[in-house]
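Secondary and tertiary structure notes
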Amino acid sequence: MKGARRQAILLLLPCLLALLVLFLLPQVLMFATSLGRRSAYGGVIRDVSLLNYVRALDPIYLRILARSVGLAFFTTLFCLLMAYPVSYWLGVKAPEKWRNALLVLVILPFWTSFLVRMYAWVFMLRTEGLLNLFLGELGIAPLNMLYNDFAVMLGQVYGELPFMILPLYASIEKLDRSLLEAAADLGASPLRSLWRVTIPLTAPGIVAGSVLVFIPSLGAYLAPDLLGGARTVYIGNLIQSQFAVARDMPFGSALSFLLSLTVLVLLYVFRRPLRASQA
Amino acid sequence: MADSRATLRSSPGLALFSALVYLFLYAPILVLVVFSFNAGRLTAEWQGFTFAWYAKLLHNPQILSALRNSLVVATASTVACTILGTAAALAFHKHRFRKQAAMDALITVPIVVPEIVLASSLVLLFAAIGLRLGFFTVILAHIAFSVSYAVVVVRSRLAGFDRSLEEAAADLGAGPWATFWKVTLPGIAPGVLAGALLVFALSIDDYVITSFVAGVGATTLPIQIYSMVRTGISPEINAVSTILLAATSLLLFAAYRLEQGRSARTAVIPIVLSLGLLGAPFFLGGRAASGDKVLNVYIWSNYISPETVKKFEQRYGVHVNVDLYDTNEAMLAKVATGNVAYDILCPSNYPVESLRHQNLLLPLDHTALPHLTNIDPRFLDQAYDPGNRYSVPYFWGTGGIAYDKTKVGTVDSWAALWDARWKGRILMLDDPREAIGATFKWKGLSYNTVDEAKLFEARRLLMEQKKLVKTYNASNFEDVLLSRDVWLAQGWNGQFAKVMADDHELTYVIPKEGASMFVDSLVIPASAPHPELAHAFIDFTLEPEIAAEICRTMQYSTPNRAALPLLPAAIRDNPAIFPPDDVVGRLELIHDIGESTVLYDRLWTEVKTSE
């Protein structure tokens, strides 16, 4: 067993080292920055002060955080509702010889720039866009589909959906089918066997997918900007603007540190199901 | 055999739902592929089939070299991340570590941290360890943000992997390597492949992080695309996206055939085609001969054309690297570290102040710039750089209102942006200085007002205006106007001038109360490796013929007096590009307002979060 441990450590070391140097160390540098102050010309004055954190507790910023959590929650929910049937169909019902090809098709859109695909949505949704042209042919008055919350949600779900489908598929695909058969033989209705057998057995996939979707959605800023018309500010936009507009790196660093902290808390709260998914 | 009634029963409802989800995923892809063959440049209407955009690609060395860079970076980071990620996932699978929770956090947090944060923190890191920004730093950054995805994907696949198989193999006498190659790897191969595909896709698509950590000669496709998207979704971008998609699809198709156990021969054609498409950029388009003298230019996208660059290269027998940026801040973040090897930058007026105050600029040798006298004195000796010790004006422009005159009539005041008749038809710049500044100008105040009471009043006016505003936008605002999603748009003249050339119902006005003005200048950073050649380049752009060519191809306003007679009348007499003198008198430069920047940002956030 000792050998196995050493082997495991050797396997882990390179990845750990990469993350320590390329992620943790920069974060420490960022934290140091968050204790400083913005100089008049947008530079950083080194200091040890928690002023930026006090500033972040202002109700206006807390409201923005709450709104981001809401966005991430609904993105995850809609992704789950859309992805589960697809992953189930892929893993259980789809013809076996097409399965890998269909899976690759889920991720193929990612070979096109996200920005370009977002603009393609703008092209479809706008007042004189493709969808409204089509609706016009049917005699339907143009709909207001762009620059509102609907468009933000659509963009978010569109961007995150594959991150839900992949882990769900991975856990559905290796589901032991004889269990489903047994359930059917014992007279369980398909719905009941879904609820009592399939979903509990694929819980690891559900948790992994939800984490993969929820967490990046917290920091979302492209869909709110491009499809939402920047009419609302989410935490991602706020951080972005500290770096890119206000040139207030210390405050931006403090906000992003708080965001990372939120994530750590979430990971802690959900540690049990997460561990189950990785056992 | 395991498949019996329960799982084989077909379910048309499920299949239909899945088909709809696939349609959702592919709708934008279909749009961009179809419109890459559309003869019309900017409309949703079909104007005939053409290959023209593909032909144009072949002659665009910037896109080809960007594609080349992207492929190299994505391949390198995919190989690295797949190996590191798979090894880590296996380690977790084999052994429960004592600090498991901490390690899980370390692996998951990089997925959430906003890109911009990772980007800035990596800039700090590379500066701290003295690693010069370039190609290598891009690869390291891509590993940093994608290795976690590889671990998570492979791990979720391993979670259900039956370890008794490995134990059985070991019991039967297989060594650890044999067990890994013969049992473990085939079992987790789909997970590894999925992880690799994801990492490749993340890398080939990344814009934010790359734009911060890329150094000389490391412009990737997304950076190039972003600079082109600024002027509306261009069919050339659709074309390059289509090619990339086709190449990937072919490659995956070949892999699929091989996996199906078809003879290798059936996979040859798709592989050759795919490698041909992906390899083309490596053969087309010239590359720097090694050992050549080089000049490294870091400039706004759409600010210099390849032809102009080629002329300089030929005259001086040098190679010029042109890298692009789209915000002053991305450029400032890099240059402030002193960790890049650029010879020429092109900041706007207020960043010149910032760079100057941080001692990041080289004083110019005016004796090496004999053509400086061509610059209109109105643009010289400004407060941001007295005596032009550090900067030479390159382009200038204004921030006014463009609108559809057939729908709105005539506009001559900022008041039009508060006119309830245009509810839902107004676009404001998503830029606190421009939006708040325009409000001040409307009320007879300066763009550089810092009085708190007046700032609060401006906030009130902007909150009132919000219910009339359709969208806030500071990147492709002219495209939003062109599509008539809005009828009135605040924005900068250069971008409007480009669409007005095709759409004569649009017009541009500097409101009677006045408007903002910017001057983008060439400067030499203090750390420039080739200051002499940089002086030669600046003087080259000041020559009348060259300045006229730059203005003609890029359609921004040149401050070069001697170039004006050489310009086509359509540009010279275009009031949107060259406003009459009395209008110029009403313009005001936006200055760095120091500490007050924070208050501006705070008020702007309040406006944007208000209902």
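Residues numbered from 1 in each chain as written. Chains lettered and ligands numbered in written order. Predicted model: local features only at pLDDT ≥ 70, side-chain atom pairs only at ≥ 80, totals over all residues. Heavy atoms only, no water.

1. Some remarks on the interface of chain B and chain A
- Each side of the interface is counted separately: chain B has 128 residues, and chain A has 123 residues.
- At the boundary of chain B and chain A, one finds four salt bridges.
- Where Asp 58 of chain A meets Arg 602 of chain B, a salt bridge forms, and the shortest distance between an N and an O atom there is 2.4 Å.
- Across the contact surface, chain B and chain A share 17 residue pairs in polar contact (both at pLDDT 80 or more).
- With 15 residues, the top contributor of residues to the side of chain B that touches chain A is helix 2 (residues 12–35) of chain B.
- Residues that form the side of chain B that touches chain A fall into these classes: 73 nonpolar, 28 polar and 27 charged. (Contact = heavy atoms within 4.5 Å. Salt bridge = Lys/Arg side-chain N within 4 Å of Asp/Glu carboxyl O. Polar contact = N/O pair within 3.5 Å; in protein donor to acceptor, adjacent residues only side chain to side chain. Helix = DSSP H or I, 4+ residues; strand = E, 2+ residues; numbered from the N terminus. Nonpolar A, V, L, I, M, F, W, Y, C, P; charged D, E, K, R; others polar.)

2. What about the pattern of salt bridges?
Residue and element names in this part refer to chain B.
- All told, the structure shown has 25 salt bridges over all chains when counted by the stated rule.
- Put simply, Lys 311 and Glu 549 hold a salt bridge, and the shortest N to O gap is 2.2 Å. Placement of the pair is Lys 311 in helix 14 (residues 306–316) and Glu 549 in helix 23 (residues 544–554), with a sequence separation of 238 residues.
- Salt-bridge contacts for Glu 606 lead to Arg 602; the nearest nitrogen and oxygen are separated by 2.6 Å. Of this pair, Glu 606 and Arg 602 both sit in helix 26 (residues 596–609), four residues apart, roughly one helical turn.
- Among the ionic contacts, a cluster of salt bridges with common partners joins Asp 404, Lys 407, Arg 484, Asp 503 and Glu 505.

3. Quick look at the domain arrangement of chain B
Residues and elements named next belong to chain B.
- In terms of domains, chain B is made up of domain 1 (27–59 + 234–282), domain 2 (63–232), domain 3 (293–395 + 520–563) and domain 4 (398–518 + 591–609).
- Distance between the C-alpha centres of domain 2 and domain 3: 38 Å.
- On the domain 3 side, the residues contacting the 23 residues of domain 2 number 18 residues.
- At the boundary of domain 2 with domain 3, total buried surface from both sides reaches about 1600 Å², with 52% on carbon and sulfur atoms.
- Connecting domain 2 to domain 3 are zero salt bridges.
- There are four residue pairs in polar contact (both at pLDDT 80 or more) connecting domain 2 and domain 3.
- Mapped onto the side of domain 2 that touches domain 3, the elements with two or more residues apiece are helix 6 (115–128), helix 10 (208–213) and helix 11 (221–229). (Domains from an automatic or database assignment. Buried area = accessible area lost by both parts, 1.4 Å probe.)

4. Side note on helix 14 of chain B
All names here are of chain B.
- All buried positions along helix 14 are accounted for by Thr 308, Val 309, Phe 312 and Glu 313. Buried residues of helix 14, viewed axially, fall in a sector of 140°; they line one side.
- Summarising the contacts, the buried residues of helix 14 are in contact with strand 1 (293–300), strand 2 (318–325), helix 22 (531–542) and helix 23.
- Gly 317 sits one or two positions beyond helix 14 and adopts a positive phi of about 60°. (Buried < 20%, exposed > 50% of the residue type's maximum accessible area, 1.4 Å probe, protein only. Arc of directions from axis to C-beta.)

5. Description of the packing of aromatic side chains
Residues and elements named next belong to chain B.
- Applying the stated criterion across every chain yields a total of 36 aromatic pairs over all chains.
- On the basis of an interplanar angle of 65° and a centroid distance of 6.4 Å, the ring pair of Trp 422 and Trp 487 is categorised as edge-to-face. Taken together, the positions of Trp 422 in the loop between helix 17 (405–408) and strand 5 (426–428) and Trp 487 in the loop between helix 20 (477–482) and strand 7 (488–492) put the pair 65 residues apart, joining distant regions of the chain.
- Residue Trp 422 is classed as buried on the basis of its relative accessible area of 9%.
- Members of the aromatic cluster, connected to one another through ring pairs, are Tyr 298, Trp 300, Tyr 303, Tyr 325, Tyr 342, Tyr 394, Phe 395 and Tyr 556.
- Taking NZ or CZ as reference, Lys 443 lies 3.7 Å from the ring centre of Trp 442, over its face. (Phe/Tyr/Trp six-rings, centres within 6.5 Å; stacked < 30°, edge-to-face > 60°. Lys NZ or Arg CZ within 6 Å of the ring centre and 35° of its normal.)

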